[in-house]
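In case you want the letters, here they are:
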Amino acid sequence: MVVYAVYLTLNKNAFECQAISFFQFCCKCCQKKQIVKEEYALLALGLSDAGKSTLLSRLCGEDEEDSGPTNGFSMKDVSLTNAILHIKEVGGSESIRRYWHHYFSGSEGLIFVVDGSSSDAELECARSELQTVLLHQDMDQVPLLVLINKIDTDDKENQAKLSGKLDIQSICASRSFMIDAYSLEDVTHMKMLLEKFVSMIAQRANSCNNPNLKEADQDEDVIGRF
Ligand SMILES: Nc1nc2c(ncn2[C@@H]2O[C@H](COP(=O)(O)OP(=O)(O)OP(=O)(O)O)[C@@H](O)[C@H]2O)c(=O)[nH]1
Ligand SMILES: [Mg+2]
């Protein structure tokens with residue numbers, strides 16, 4: 001060891017080579033530990049006051065003050081264990097809804113937030129707006145995640161009733177979709193739903209690239225349904 005230290009001291013070049021090798025070794029170790037996450041561009045829509053901004057702030061770990069209605073759009077990056085989501089929220093007021101279609105292009109998944117305490121008329125409005133979105137050519141076969149809030153997440157009967165009123169299954173036809181309720185108090189559950197949704201998006205992308213998988217995937221399309 002002492003002889004080696006003396007050798008390195010005397011031979012500056014050898015010392016530099018050893019230092020570079022050690023540096024390269026450290027870099028390789030760090031690279032191995034890095035988990036490469038897929039990134040997805042998602043769109044978050046829903047009527048005004050549905051809870052989109054609040055949901056995204058909570059997912060980002062922000063102390064959300066009531067920031068008021070979103071005028072135009074806002075962007076948030078949400079980090080999950082399996083992916084990074086770049087989520088664009090567009091305001092849901094009537095005056096903004098007519099511009100929603102400008103934000104469709106490039107979306108790999110749609111999150112549609114519904115206020116579970118809405119009246120029947122409001123639910124019908126949400127259903128009709130969602131249907132219009134899904135019929136747009138830029139949203140063709142884009143996977144859908146419907147998230148219902150402001151209700152008891154254990155009340156499966158009420159959730160099923162809301163799901164029926166939204167009539168998601170028939171407006172989705174062959175599209176991949178999930179529908180579930182969340183509570184702002186349970187961020188882990190919210191993230192778990194998004195992770196499932198990301199897996200659904202990835203699965204659809206794979207089956208589009210490999211048509212042989214398409215038939216086998218069909219039954220797996222509707223997950224997280226009440
Ligand atoms: N009880 C309850 N209130 C919520 C929940 N999510 C949002 N809110 C409240 O609902 C109101 C509207 O929330 P926002 O997140 O601003 O709604 P938004 O969908 O972003 O509305 P726009 O930007 O106008 O389209 C706020 O007062 C929130 O505090 C929820 O899960 N439970
Ligand atoms: Mg908002």
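The shown structure was predicted, so the numbers you read here are calculated from the model rather than taken from an experiment. (Residues numbered from 1 in each chain as written. Chains lettered and ligands numbered in written order. Predicted model: local features only at pLDDT ≥ 70, side-chain atom pairs only at ≥ 80, totals over all residues.)

### Focus: the overall build of the protein chain
So, step 1. Regarding its fold elements, the protein chain presents nine helices and seven strands.
So, step 2. Scored against the burial criterion, the 226 residues of the protein chain give a buried share of 27%.
So, step 3. In the protein chain, 72% of the contacts between residues at least 6 apart in sequence involve partners at least 24 apart. (Helix = DSSP H or I, 4+ residues; strand = E, 2+ residues; numbered from the N terminus. Buried ≥ 20, exposed ≤ 12 C-beta atoms within 10 Å, placed from the backbone. Contact = placed C-beta atoms within 7 Å.)

### Observations regarding the pairing of strand 5 (residues 144–149)
So, step 1. Within strand 5, six of the six residues are buried, which leaves the element mostly enclosed by the surrounding structure.
So, step 2. A two-sided burial pattern is seen for strand 5, the buried positions comprising Leu144, Val146 and Ile148 on one face and Leu145, Leu147 and Asn149 on the other.
So, step 3. Read from strand 4 (residues 109–115) through helix 5 (residues 120–135) to strand 5, the crossover connection turns out right-handed.
So, step 4. Bridge count for strand 5 against strand 6 (residues 177–181) is five bridges, and the pairing is parallel. What sits directly across from valine 146, in strand 6, is isoleucine 179. (Right-handed = clockwise from strand over helix to strand, strands pointing away. Pairing = 2+ DSSP bridges.)

### Quick notes on the nonpolar core
So, step 1. In terms of nonpolar packing, the biggest core is built from 45 residues, with Phe112 and Val146 touching the most fellow members.
So, step 2. A per-element tally of this core places helix 8 (residues 187–209) first, with seven residues.
So, step 3. Setting aside its immediate chain neighbours within four residues, phenylalanine 112 contacts Leu45, Gly46, Leu130, Leu144 and Val146. (Core = buried A, V, L, I, M, F, W, Y, C linked by C-beta atoms within 7 Å.)

### Details of unusual backbone geometry
So, step 1. Residues other than glycine seldom take positive phi values, yet glutamine 141 does so here, at roughly 65°.
So, step 2. By the secondary structure assignment, glutamine 141 is in the loop between helix 5 and strand 5.
So, step 3. The partly exposed category is assigned to glutamine 141, around which 13 C-beta atoms lie within 10 Å.
So, step 4. Phi at aspartate 167 is positive, roughly 55°, even though this residue is not glycine.
So, step 5. Looking at the secondary structure, you find aspartate 167 in the loop between helix 6 (156–166) and helix 7 (168–172).

### A word on the site of ligand 1
So, step 1. Taken together, the neighbourhood of ligand 1 is formed by 18 residues, with Gly51, Thr54, Pro69, Thr70 and Gly92 sitting nearest.
So, step 2. In terms of residue count, helix 3 (residues 52–59) provides more of the shell around ligand 1 than any other element does, three residues in total.
So, step 3. Split by residue class, the shell around ligand 1 holds four nonpolar, 10 polar and four charged. (Near = placed C-beta within 6 Å. Nonpolar A, V, L, I, M, F, W, Y, C, P; charged D, E, K, R; others polar.)

Without other data, these values stay purely geometric and don't point to any function.
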